[in-house]
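# Descriptive structure summary
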Amino acid sequence: MSPAEPLLRIQGLCTRFETDEGEVPAVDGATFDVWAGRTTGLVGESGCGKSLTALSVMRLVPEPGRICAGKLLWHGEDLLAKSAEEMRKLRGDRIAMVFQEPMTSLNPVFTIGDQISEVLRYHRDAGRGDARRRAVDLLAQVGVPDAGRRVDDFPHQLSGGQRQRVMLAMALACDPELLIADEPTTALDATVQVQILELLARLQRERQLGVLLITHDLGVVAESCDEVVVMYAGRVVEVGSAAELFSTPAHPYTAALLRSVPGRERGRGPLEVIPGAVPNLSRLPPGCRFRARCDRAISVCETVDPPLEPKRAGHLAACHAPVIPP
Amino acid sequence: MTGAFLAPSSRGRVWRRFRKRWLSLGALGLLGLLFAAAALADELASDKPIAARVGGHTWWLPNLTRPLELRADTVQTLRARLNRDQGDWMVEPLVPFGPYQTYSGQSAERPSAPPWGPDSDHPLGTDEVGRDVFARLVHGARASLTVGFVAVGLYVLIGLLLGLLAGYYGGVLDAVVSRVTEITMTFPTMFFILAVMGLVHVKTLVPIMLVIGLTRWTDVCRLVRAEVLRLKTLEFVQASRAIGASDLRILARHLVPNAMGPVLVAATFGIAGAILIESSLSFLGFGVPPPAPSWGELLSQANRYLTHPGAWWLTVYPGLAIFATVTAFNLVGEGLRDALDPRQGA
């Protein structure tokens with residue numbers, strides 16, 4: 001029972017940094033949807049604009065960044081047209097976010113119970129006692145053992161995995177519709193990573209959450225995403241269902257990314273890498289941004305920036321010479 | 001890492017580390033005694049008893065309530081009227097002289113004119129008009145501590161506010177605050193106060209405290225600004241924005257408590273500085289109005305007796321009081337700084 005309208009439709013989002021050396025288009029025309037009850041993975045290498053896309057949705061782009069074009073349709077209403085006050089009321093209430101660094105995402109001077117309660121007191125006008133009971137409840141839901149006692153712990157008394165659970169509890173306190181998780185497991189070790197992802201999946205099923213999961217870990221994507229959006233140098237280069245994207249990637253960049261995941265074809269020589277580096281965003285060459293690193297580049301790639309268009313049903317890619325499935 | 005914060009999460013740890021420094025701990029104890037002495041000055045040195053029953057009347061704390069019936073009486077006169085057979089009793093202060101009382105009791109071992117040296121009546125001697133040095137020291141502690149705490153409280157408030165705004169909002173505001181800070185830093189507080197005193201003709205502690213408060217906030221401001229610049233890049237500030245917290249809430253709840261550690265250290269050193277300024281001004285005669293007691297004012301009396309070896313107690317005791325207090329505040333500040341230093345072990 002997939003709803004007709006996406007929870008969040010990002011249309012042509014452009015976010016720029018105005019630096020002394022000129023404008024850097026860190027996110028350039030990003031377009032994709034996030035649906036209720038589904039997980040959309042946003043992948044790409046460092047600096048490709050994943051996190052900035054997420055922060056743009058929250059309208060928390062750090063200085064000197066600016067959202068300069070596009071629409072963020074939240075239930076059909078443009079978030080960019082909302083006032084700062086309206087936006088503040090949405091944050092933490094309807095749209096929640098979990099950050100990468102659980103070690104620094106909690107205020108060291110307050111107990112975790114305080115910090116979870118803060119959200120409820122803020123958006124729900126909850127009383128002290130109510131908020132605390134709810135905090136214990138939430139901690140139990142995110143799998144913090146002995147929540148009744150842990151609620152009075154300070155962040156430094158918790159492990160990284162537990163802190164990330166606390167962050168999740170904070171994010172889920174007001175029962176949001178959309179959860180943006182910015183590399184929620186990157187700072188955790190492998191076993192804890194699996195636990196957090198499982199927790200995320202369970203919470204999503206239980207609450208019909210829309211999740212935007214930002215990661216550079218393709219393993220995480222394969223594990224937990226329904227749709228995948230691949231970004232490269234500020235652009236969305238491929239959008240499709242996780243299953244299809246992994247089996248038959250259309251964009252050479254996605255294909256190369258998949259080939260460079262270790263352990264897929266064990267013991268067959270050295271690990272494959274994508275040659276070259278991400279181009280400097282402030283001095284982009286004309287044509288396709290991936291051209292210089294692409295083994296399929298043709299002459300048109302040098303002059304025309306490929307638009308994001310359907311290559312198969314429900315599968316979009318921005319490429320003049322997409323990978324043809326065997 | 002969290003050791004740099006003086007907030008519930010680290011209070012225990014900071015105290016554990018502070019406790020290990022016996023010198024700072026001793027200094028803290030000394031300051032405790034000093035506070036107690038200042039608070040209980042009327043019980044330690046007063047010309048009225050703490051409590052007494054004389055001639056059928058019972059008075060509690062007449063040294064505070066100053067009842068009319070006892071206006072003319074002192075501990076000495078009451079001693080004479082005390083009739084123990086009729087159930088009279090009296091609880092005397094440690095030293096039965098107030099800070100303003102000139103004692104004219106002549107005796108064989110006392111030369112005719114004050115200052116008189118320490119004896120059984122005046123454990124620390126008297127000043128040049130016969131007022132008890134101990135009484136004036138204990139009561140003078142109030143002036144010193146009041147100046148220290150009010151002036152520093154004022155400048156911590158100013159510095160905290162300006163530092164927070166400059167660090168958090170940056171831009172033009174930061175530039176303006178930073179320039180004002182740099183200009184203010186060049187003001188010589190001491191001479192500024194002298195100039196102000198010359199203009200306003202109010203001989204109380206108020207202008208002293210105001211001027212110290214208005215000129216010494218620069219260090220706190222710079223500390224807070226630097227802390228906020230560091231803290232605001234941490235993810236928890238962004239995270240609290242992501243839960244919909246307003247700027248005011250982020251400032252008050254997330255930045256202030258985290259920036260308080262270094263401020264507290266600066267404030268402790270600042271109190272020592274303010275006490276020194278007050279003492280210096282009183283020494284010069286620009287401090288508390290006479291006959292109000294102050295450590296600096298006691299020292300200024302001693303000035304006249306330095307040339308011949310007469311009244312050493314007028315130099316030594318107030319000097320010791322200033323020295324011990326300033327040193328104690330500095331030691332506590334140092335201990336606090338080390339205890340808050342995140343680079344030190346747990």
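Everything numeric here is computed off the predicted structure, so don't read it as measured data.

### Some thoughts on the overall build of chain A
- For chain A, the count of helices and strands is 10 helices and 12 strands.
- Over its C-alpha atoms chain A spans a radius of gyration of 21 Å, differing by no more than 12% from the 20 Å that the globule rule assigns to 326 residues.
- In terms of its C-alpha atoms, chain A occupies a principal-axis envelope of roughly 65 × 50 × 45 Å.
- Burial statistics for chain A: of 326 residues in total, 53% are counted as buried.
- Nonlocal contacts in chain A, meaning residues at least 24 apart in sequence, comprise 65% of its contacts between residues at least 6 apart.
- For chain A, the exposed surface amounts to about 14300 Å²; the carbon and sulfur share of it is 51%.

### A word on the pattern of salt bridges
All names here are of chain A.
- Taken as a whole, this structure holds 37 salt bridges over all chains when the rule is applied.
- A salt bridge links Arg149 to Asp146; the nearest nitrogen and oxygen atoms lie 2.7 Å apart.
- For Asp146, a relative accessible area of 44% corresponds to the partly exposed category.
- Linked by salt bridges that have partners in common, Asp93, Arg94, Arg124 and Glu177 make up one network.

### Some thoughts on the sheet that holds strand S1 (residues 51-54) of chain B
All names here are of chain B.
- One open sheet accounts for 3 strands, arranged S2-S1-S3; its pairing is antiparallel. Two strands lie at the open edges of the sheet, namely strand S2 (57-60) and strand S3 (89-91), each paired on one side alone. Pairs of neighbouring strands in the sheet enclose a mean axial angle of 15°, with direction left out of account.
- Here 3 bridges tie S1 to S3, and the two strands are oriented antiparallel to one another. Residue pairing in the sheet places Ala52 in a bridge with Met90 of S3.

### Some points on the domain arrangement of chain A
Residue and element names in this part refer to chain A.
- According to the domain assignment, chain A consists of domain 1 (8-94 + 176-317) and domain 2 (105-175).
- Taken residue by residue, the interface counts 20 residues in domain 1 and 16 residues in domain 2.
- Of all residues in domain 1, Pro176, Leu199 and Arg207 give up the largest surface area on contact with domain 2, accounting jointly for 32% of the area buried on that side.
- In this assembly, domain 1 and domain 2 are joined by 2 salt bridges.
- Its salt-bridge partner being Asp175, residue Arg207 comes within 3.1 Å of it at the nearest N-O pair.
- Linking domain 1 with domain 2 are 11 residue pairs in polar contact (both at pLDDT 80 or more), by the criterion used here.
- Where the side of domain 1 that touches domain 2 is concerned, the elements lending two or more residues are helix H2 (84-90) and helix H7 (190-207).

### A short note on the domain arrangement of chain B
- Domain boundaries assigned for chain B yield domain 1 (3-40 + 135-340) and domain 2 (47-92).
- Placing a centre on the C-alpha atoms of domain 1 of chain B and another on those of domain 2 of chain B gives a separation of 41 Å.

### Here we look at the pairing of strand S10 (residues 235-241) of chain A
All names here are of chain A.
- Counting buried positions over the 7 residues of S10 gives 5, a clear majority of the element.
- Relative to S10, strand S9 (residues 227-232) runs antiparallel, the two being bridged by 6 bridges. Paired with Val230 across the bridge in S10 is Glu238.
- For S10 and strand S12 (residues 315-317), the ladder comprises 2 bridges, and the chain directions are antiparallel. Along S12, the bridge assignment pairs Glu238 with Ala317.

### Section: the interface of chain A and chain B
- Every contact between the two is made by 28 residues of chain A and, on the other side, 22 residues of chain B.
- Here chain A and chain B share an interface that buries about 2200 Å² over both sides, 61% of which is from carbon and sulfur atoms.
- Scanning the region where chain A abuts chain B turns up 2 salt bridges.
- Where Glu118 of chain A meets Arg253 of chain B, a salt bridge forms, and the shortest distance between an N and an O atom there is 3.3 Å.
- At the level of secondary structure, the elements contributing two or more residues to the side of chain A that touches chain B comprise helix H1 (50-58), strand S6 (95-98), helix H3 (112-124) and helix H6 (160-172) of chain A.
- For the side of chain A that touches chain B, the element with the most residues is H3 of chain A, which contributes 6 residues.

### Some points on the state of the cysteines
All names here are of chain A.
- In the structure shown here, the tally under the stated rule is 0 disulfides over all chains.
- For Cys294, which is in no disulfide, the shortest distance to another cysteine sulfur is to Cys319 and amounts to 5.9 Å.
- Cys301 carries a free sulfur, and the closest cysteine sulfur to it, the one in Cys288, is 5.8 Å from it.
- A residue is classified by how much of its surface remains accessible, and Cys301, at 6% relative accessible area, is buried.

Thresholds applied
- Residues numbered from 1 in each chain as written.
- Chains lettered and ligands numbered in written order.
- Predicted model: local features only at pLDDT ≥ 70, side-chain atom pairs only at ≥ 80, totals over all residues.
- Heavy atoms only, no water.
- Helix = DSSP H or I, 4+ residues; strand = E, 2+ residues; numbered from the N terminus.
- Rg over C-alpha atoms; globule rule 2.2 N^0.38 Å.
- Buried < 20%, exposed > 50% of the residue type's maximum accessible area, 1.4 Å probe, protein only.
- Contact = heavy atoms within 4.5 Å.
- Areas by Shrake-Rupley, 256 points an atom, 1.4 Å probe, with all protein chains shown as cover.
- Salt bridge = Lys/Arg side-chain N within 4 Å of Asp/Glu carboxyl O.
- Pairing = 2+ DSSP bridges.
- Axes fitted to C-alpha atoms, helices over the stretch in contact; angles between N-to-C directions.
- Domains from an automatic or database assignment.
- Buried area = accessible area lost by both parts, 1.4 Å probe.
- Polar contact = N/O pair within 3.5 Å; in protein donor to acceptor, adjacent residues only side chain to side chain.
- Disulfide = S-S within 2.5 Å.

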